[in-house]
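Here are the chains, one letter per residue:
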Amino acid sequence: MGVVAVAVVLFLIMGALAGLLGGDGGSDADDARGEGDPAAIEPLPEGHPALALARRDADDPLALGDPDAPVVMIEYSDFQCAFCAMHARGTRVELIDEYVEQGLLRIEFRNFPINGPESDAAARAAWAAGQQGRFWEFYEVAFAQDTHMDSGKYSEEGLRELAEEAGVPDVEALMVAMESEEAGEAVGRDAEEAMDLGVVSPPSFLLNGHPLRGARPVEEFRDTIDQLLEAADE
């Protein structure tokens, strides 16, 4: 496929996705369900561009669960976001127990560092922790407590402490890796994907292409997941 053709395809895909997760970040479930009717949640048609965002890479260190799980939840988060931390400590844990461990749900994390230099440093460090197989441990340690933005939590010293607490085998290697071009490209790719979708605030989620915005109650995630699972069994 030529360069022009590729550009046209990408333009059409991004046009179809633009605004999918945009909006004011409000908490009304109606935004994701259409008129507030749970029955309005239907699987997206095969070939829909939102479905192609799930990477389903068995070797992805920033993912949890079976690559072939019937439902994939993509999470766009910032490590300086208090609502992201709320989701990480609450809803996410319940979803892992109820769905991920049963092979029904896969969670794929995307870095969306919008709150300044410490957010970017945290994203890079989290990615680097993943290269040593400790991303989710870093995630849990980073989100274990709420902190003010630009508090120094993700300063060089703070990141070393978090990496040690997360059990990263080689902290010095992490500090080098997070400054690498590869780290920048990985974080940038995730952030660009979020912006192309119209994400304006973390946390934001896609469940088989269906959007949920904010630190929503676990019941709202269950409602969407259960309906998608039921449809998958038909």
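The preceding data block contains the structure.
This write-up is about the structure you can find in this document.

1. Focus on the pattern of salt bridges
Enumeration over the complete set of coordinates arrives at 15 salt bridges. A salt bridge links Arg110 to Glu193, with the nearest nitrogen and oxygen atoms 3.0 Å apart. Of this pair, Arg110 sits in strand β3 (residues 105–111) while Glu193 sits in helix α9 (residues 181–197), and the two are 83 residues apart along the sequence. Looking at Arg110, the relative accessible area reads 0%, which means it is buried.

2. Topic: the nonpolar core
One finds Phe79, Leu105, Phe138, Leu159 and Leu174 to be the most contacted residues of the largest nonpolar core, which totals 50 residues. If one sorts the elements of this core by residue count, helix α5 (residues 117–131) sits on top with 7 residues. Once you skip the residues sitting within four places of it in the chain, Leu174 turns out to touch Ala125, Ala128, Ala129, Gln132, Ala163 and Val168. Within the second largest apolar cluster, 11 residues are counted, among which are Ile74, Tyr76, Phe112 and Leu206.

3. Considering a negative patch on the surface
Taken together, the side chains of Glu42, Asp226, Glu230, Asp233 and Glu234 define an acidic patch exposed on the protein surface. Locating Glu42 in the fold gives a position in the loop between α2 (30–33) and β1 (63–64).

4. A look at the side chain of Arg106
As for its placement among the helices and strands, Arg106 is situated in strand β3. On the accessibility criterion, Arg106 (2% relative accessible area) is buried. In this structure the side chain of Arg106 is engaged in a polar contact, spanning 2.7 Å, whose partner is the backbone oxygen of Asp57. A distance of 3.0 Å separates a polar atom in the side chain of Arg106 from a polar atom in the side chain of Glu108.

5. Points about the packing of helix α4 (residues 91–100) against helix α10 (residues 218–233)
Running from amino to carboxyl end, α4 crosses α10 at an angle of 30°, the nearest separation of the two axes being 10 Å. In terms of their interaxial angle, α4 and α10 are classed as roughly parallel. For the pair α4 and α10, the crossing hand works out as right-handed. The residues of α10 that touch α4, namely those facing Thr91, Glu94, Leu95, Glu98 and Tyr99, are Val218, Phe221, Arg222, Ile225, Asp226 and Leu229. A breakdown of the residues in the contact of α4 with α10 according to their chemical character gives 6 nonpolar, 1 polar and 4 charged.

Reading guide: rules and limits
Residues numbered from 1 in each chain as written. Predicted model: local features only at pLDDT ≥ 70, side-chain atom pairs only at ≥ 80, totals over all residues. Heavy atoms only, no water. Salt bridge = Lys/Arg side-chain N within 4 Å of Asp/Glu carboxyl O. Helix = DSSP H or I, 4+ residues; strand = E, 2+ residues; numbered from the N terminus. Buried < 20%, exposed > 50% of the residue type's maximum accessible area, 1.4 Å probe, protein only. Core = buried A, V, L, I, M, F, W, Y, C linked by side-chain atoms within 4.5 Å. Contact = heavy atoms within 4.5 Å. Patch = residues over 30% accessible without salt bridge, like charges linked within 9 Å, V, L, I, M, F, W, Y side chains within 5 Å. Areas by Shrake-Rupley, 256 points an atom, 1.4 Å probe, with all protein chains shown as cover. Lys, Arg positive; Asp, Glu negative; His and termini not counted. Charge placed at Lys NZ, Arg CZ, Asp CG, Glu CD. Polar contact = N/O pair within 3.5 Å; in protein donor to acceptor, adjacent residues only side chain to side chain. Axes fitted to C-alpha atoms, helices over the stretch in contact; angles between N-to-C directions. Parallel < 35°, antiparallel > 145°, perpendicular 65-115°, else oblique. Left-handed = near helix turned anticlockwise from the far one by under 90°. Nonpolar A, V, L, I, M, F, W, Y, C, P; charged D, E, K, R; others polar.

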